[in-house]
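Structure at a glance
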Amino acid sequence: MGDKIYTGEGGIGHIDEEKAGSSSGGGFLSNIQARYAKVDPSSYLRRPDETGRQYWSRRLISLKPYELLAAEYANTELRKYLNAFQLVFLGIGAIIGTGIFVLSGQAAAQNAGPAVTVSFIVAAIASGFAAMSYSELASMIPVSGSAYTYAYATMGEFMAWTLGWDLVLEYMIGSATVGVGWSGYFKTFFEVAFNVHFGDSWTTPPIYWNEDPAYIAYSEGSYFNVPGFVIILLVTILLCVGIRQASWVNTVIVIIKLLVVFIFIFALCGFVDTGNYDPYVPPNTSGNWHFFGTPGIFAAASTVFFSYIGFDSVTTAAMEAKNPRRDLPIGIMGSLVVTTLMYIGFCTVMTGAVHYSELNHPAPPTIAILAVEERTGRSFKWLNIVVALGALAGLTSVLLVQMLAQARVFYSMAKDGLLPQIFTKVHPKFKTPYVATIIVGLITSILSALLPVDLLGNMTSVGTLFAFFIVHCGVVVLRITRPDVDRWFKIPGPSYTWIVFPFIGGAICILLIAVAEVSTIWRLFVWMGIGWIIYFSYGIRKSRLHRDPIGRFAEVHAQQLDTKEEPEYAVQDYDYPSRT
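Residues numbered from 1 in each chain as written. Predicted model: local features only at pLDDT ≥ 70, side-chain atom pairs only at ≥ 80, totals over all residues. Heavy atoms only, no water.

Taking an unreviewed UniProt entry as the reference, the protein chain is identified by name as Amino acid transporter belonging to Lichtheimia ornata. As stated in UniProt under Subcellular location (unreviewed entry), the record for the protein chain gives "Membrane". (UniProt positions renumbered as here; feature names shortened; annotations may be inferred.)

Printed below as a string of structure tokens:
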């Protein structure tokens, strides 16, 4: 057998192919593992006996080797500042937002009643499956890009692009939606605190979208969503200034909104009317399984499942983490546990303070507070102010983390050549991908100011579920094909029993996508179609792994040799062949 180029803990070097194959335990599996362990720059070039169709088809499923990803982390220009504590707060900042301040009341009023607390637990378990898969891959592949990077290492370039384009929905379009919500709570805060009423002309987008029947129209009297536009620009400036400053601001904001949730719980827990819990699981009387009864709990779980979306954004900060192999899983799992406990306490008190049927309101905590005021004759205006402030803080941190995540995904895609190289520019002083951040901020602010982002809002949820499904598949693929790579976190289970977790997690994702509105799924396909046009007209032709694979590997090789610090992945000498 010949030698195979390999970059393990010792860096880019050589590994005996016989040893690589002997541990696989079989011919077919051995060939698969050999393909995934192959780190040969020349293998990306067109072979003499290969037709054009064969070559371009092979490019679609070409993998980005784990070793190259690991070396990129060691040589990143970004500042490695974040620790486990800060990553946990990034996750909390992305998760706690509209889920606790809006969706909790809607799910209780329409689906589960007081048992919405159980729905949050069910949704947390479902999210936990995804969190475990993300944690294993993050501890193995400590590179920015989240699901995009994981797909590149497991399913090839075309699927990686598809996931990268899909993440635009979750992060950038999701941020625009949050910007509109932030503007609404901005109005509410001034109304509650100062009795000041702002007009809709400059606080709501001028374009209106109606779902059924579907049409888009101009909203009379509205011109520009100024609060949403301004807050997104301010967050953009903060993200450009530096990851350290952004992390500290996020930490402060997260502490504020956690305090607000605690204040709400402890201020009203003494005024809970236990009669509001009877019945705890309202009977199903409509004949539709979505409404109440035990099935209603699971229907509500599918709604509040999206309250947990955001923990995956922790993985996009991998390049700026000090010890990503250990700290990323802590950030993912830690933020999920903390937010689950907060959701349970919040919903228990809220449904005890007011009858669940009254909670179908854009601001359900306010309804609970007003009900306690009416029942007790006491004034809780101060608590309404605190809750409105907490909602503003919550949505601000969601904006910050999602926009940070989107810029890092664009940075990773541009480093691979799938997007223009301008997205890879790092500020010489602040060490942030400032061009990507500015572009993301400008597009997001305009969307939030003018357009009916709820048109794409539901697509955000379906797109995120698709990303989760691919990550579940990716963890199975890499566990089988790259058992040699160290993992700080592994999905628990002896032998092959661990596969139950990603299997169940993937099945949950498919189930939740299946119950989504058909129009939403069609719009998702249209969005993906736009992304595929961009890929086949630009990305596949500019991909650095194909346009110049020898140079791409040589660049990483040279960077590690030139680094002033001892590299985490030391590079052994390798004589790269000349470009042809």
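When helices and strands are tallied, the protein chain shows 21 helices and four strands. Split into buried and exposed, the 580 residues of the protein chain put 56% on the buried side. Restricting to contacts in the protein chain with at least 6 residues of sequence separation, those with at least 24 account for 78%. Total accessible area computed for the protein chain in this model is approximately 23300 Å², and 65% of it derives from carbon and sulfur atoms. (Helix = DSSP H or I, 4+ residues; strand = E, 2+ residues; numbered from the N terminus. Buried < 20%, exposed > 50% of the residue type's maximum accessible area, 1.4 Å probe, protein only. Contact = heavy atoms within 4.5 Å. Areas by Shrake-Rupley, 256 points an atom, 1.4 Å probe, with all protein chains shown as cover.)

A few words now on the packing of aromatic side chains. Under the criterion given, the structure shown has 35 aromatic pairs. Aromatic side chains Tyr-308 and Tyr-343 sit 5.1 Å apart centroid to centroid with 80° between the ring planes, which places their arrangement in the edge-to-face category. A residue pair is termed long-range when its members are at least 10 positions apart, and Tyr-308 in the loop between α12 (293–304) and α13 (324–353) and Tyr-343 in helix α13 qualify at 35 residues. Residue class for Tyr-343 comes out buried when judged on its relative accessible area of 0%. When the ring centre of Tyr-81 is taken as reference, the NZ or CZ atom of Lys-322 above it lies at 6.0 Å. The lysine or arginine in question, Arg-479, covers the ring of Trp-498, its NZ or CZ lying 4.2 Å from the ring centre. (Phe/Tyr/Trp six-rings, centres within 6.5 Å; stacked < 30°, edge-to-face > 60°. Lys NZ or Arg CZ within 6 Å of the ring centre and 35° of its normal.)

Attention now moves to the environment of Val-401. Within the secondary structure layout, Val-401 lies in helix α15 (residues 381–415). C-alpha separation for the pair Val-401 and Gly-310, spaced 91 residues apart in sequence, amounts to 8.4 Å. Not counting the four nearest positions on each side in its chain, Val-401 is found in contact with Leu-90, Gly-93, Ala-94, Asn-250 and Ser-313.

Time to look at a nonpolar patch on the surface. Taken together, the side chains of Ile-255, Leu-259, Ile-263 and Trp-382 make up a nonpolar region of the molecular surface, amounting to roughly 360 Å² of accessible area. Per-element accounting of the nonpolar patch gives the leading share, three residues, to helix α11 (residues 243–268). With respect to the helices and strands, Leu-259 occurs in helix α11. For Leu-259, a relative accessible area of 47% translates into the label partly exposed. (Patch = residues over 30% accessible without salt bridge, like charges linked within 9 Å, V, L, I, M, F, W, Y side chains within 5 Å. Salt bridge = Lys/Arg side-chain N within 4 Å of Asp/Glu carboxyl O.)

What follows is about the confidence of the model for the protein chain. When pLDDT is averaged across the protein chain, the result is 83; 88% of the residues are at 70 or more. Mean pLDDT in the protein chain bottoms out at strand β1 (residues 3–8), which sits at 36, and peaks at helix α10 (residues 226–241), which reaches 95. Considering only residues more than four positions removed or in separate chains, one finds that residues 1–25, a stretch of pLDDT under 50, has 60 contacts. Segment residues 564–580: pLDDT under 50, and 45 contacts once partners within four positions in sequence are set aside and those in other chains are kept. (pLDDT = per-residue confidence, 0-100.)

For the pair helix α7 (residues 116–140) and helix α18 (residues 500–514), interaxial distance at closest approach is 9 Å and the crossing angle is 125°. As summarised for this structure, α7 and α18 are arranged oblique, according to the angle between their axes. The interaxial crossing formed by α7 with α18 has left-handed handedness. Together, Ala-126, Phe-129, Met-132 and Ser-133 of α7 and Phe-501, Pro-502, Ile-504, Gly-505 and Ile-508 of α18 make up the contact between the two elements. (Axes fitted to C-alpha atoms, helices over the stretch in contact; angles between N-to-C directions. Parallel < 35°, antiparallel > 145°, perpendicular 65-115°, else oblique. Left-handed = near helix turned anticlockwise from the far one by under 90°.)

Attention now goes to the packing of helix α9 (residues 157–194) against helix α16 (residues 434–450). Orientation of α9 relative to α16, taken along the N-to-C sense of each, is 45°, at an axis distance of 8 Å. On the basis of their axis angle, the class for α9 and α16 is oblique. At the point where α9 passes α16, the crossing takes the right-handed sense. Here α9 contributes Met-172, Ile-173, Ser-175, Ala-176, Gly-179 and Val-180 to the contact with α16, which in turn contributes Val-440, Ile-443, Thr-444, Leu-447 and Ser-448. Tallied by class, the residues present in the contact of α9 with α16 amount to seven nonpolar, four polar and no charged. (Nonpolar A, V, L, I, M, F, W, Y, C, P; charged D, E, K, R; others polar.)

This part is about unusual backbone geometry. Residue Asp-278 is joined to Pro-279 through a cis peptide bond whose omega torsion reads 0°. Note on placement: Pro-279 falls in the loop between α11 and α12. One non-glycine residue, Asn-195, lies in positive phi territory at about 60°. By secondary structure assignment, the location of Asn-195 is in the loop between α9 and β3 (207–210). On the basis of relative accessibility, which here comes to 58%, the residue Asn-195 falls in the exposed class.

The next point concerns the nonpolar core. Core analysis: the biggest nonpolar cluster contains 164 residues, and Leu-87, Tyr-134, Ile-141, Tyr-185, Phe-264, Leu-268 and Phe-311 have the highest contact counts within it. Once you skip the residues sitting within four places of it in the chain, Leu-87 turns out to touch Leu-82, Val-314, Ala-317, Ala-321, Asp-327, Leu-328 and Gly-331. (Core = buried A, V, L, I, M, F, W, Y, C linked by side-chain atoms within 4.5 Å.)

Turning our eyes to something else, we now look at helix α6 (residues 98–112). For α6, built from 15 residues, the straight-helix expectation of 21 Å at 1.5 Å per residue is missed by more than 12%, its first-to-last C-alpha distance being only 18 Å. Residue Ser-104 marks the point of greatest curvature in α6, where the axis turns by about 30°. Of all 15 residues in α6, eleven are buried; the element is thus mostly enclosed. Along α6, the residues classified as buried are Gly-99, Ile-100, Phe-101, Val-102, Ser-104, Gly-105, Ala-107, Ala-108, Ala-109, Asn-111 and Ala-112. Gly-113 sits one or two positions beyond α6 and adopts a positive phi of about 65°. (Expected span 1.5 Å × (residues − 1). Bend = angle between axes of the 7 residues up to and from the residue.)

Let's shift gears to the environment of Ile-96. With respect to the helices and strands, the residue Ile-96 is situated in the loop between α5 (84–95) and α6. Classification of Ile-96 as buried rests on a relative accessible area of 0%. Residues Ile-96 and Ala-393, spaced 297 residues apart in sequence, show a C-alpha to C-alpha distance of 9.7 Å. Filtering out sequence-adjacent residues up to four positions away, Ile-96 remains in contact with Lys-257, Leu-258, Thr-339, Tyr-343, Gly-394, Ser-397 and Val-398.

Let us now look at the side chain of Arg-325. With respect to the helices and strands, the residue Arg-325 is situated in helix α13. Classification of Arg-325 by relative accessible area gives buried; the value is 13%. Looking at Arg-325, its side chain comes within polar contact range of the main-chain oxygen of Asp-486, at 3.5 Å. (Polar contact = N/O pair within 3.5 Å; in protein donor to acceptor, adjacent residues only side chain to side chain.)

Moving on to the environment of Asn-31. Mapped onto the secondary structure, Asn-31 falls in helix α2 (residues 27–37). Judged by its relative accessible area of 54%, Asn-31 is exposed. Along the primary structure Asn-31 and Thr-481 are separated by 450 residues, whereas in three dimensions their C-alpha atoms are 9.5 Å apart.

A word on the side chain of Ser-397. Within the fold, Ser-397 resides in helix α15. With a relative accessible area of 0%, Ser-397 lands in the buried category. Of note is the side chain of Ser-397, whose polar atom sits 2.9 Å from the backbone oxygen of Gly-394. Discounting chain neighbours no more than four positions away, the residues touching Ser-397 are Gly-93, Ile-96, Asn-250, Ile-253, Val-254 and Lys-257.

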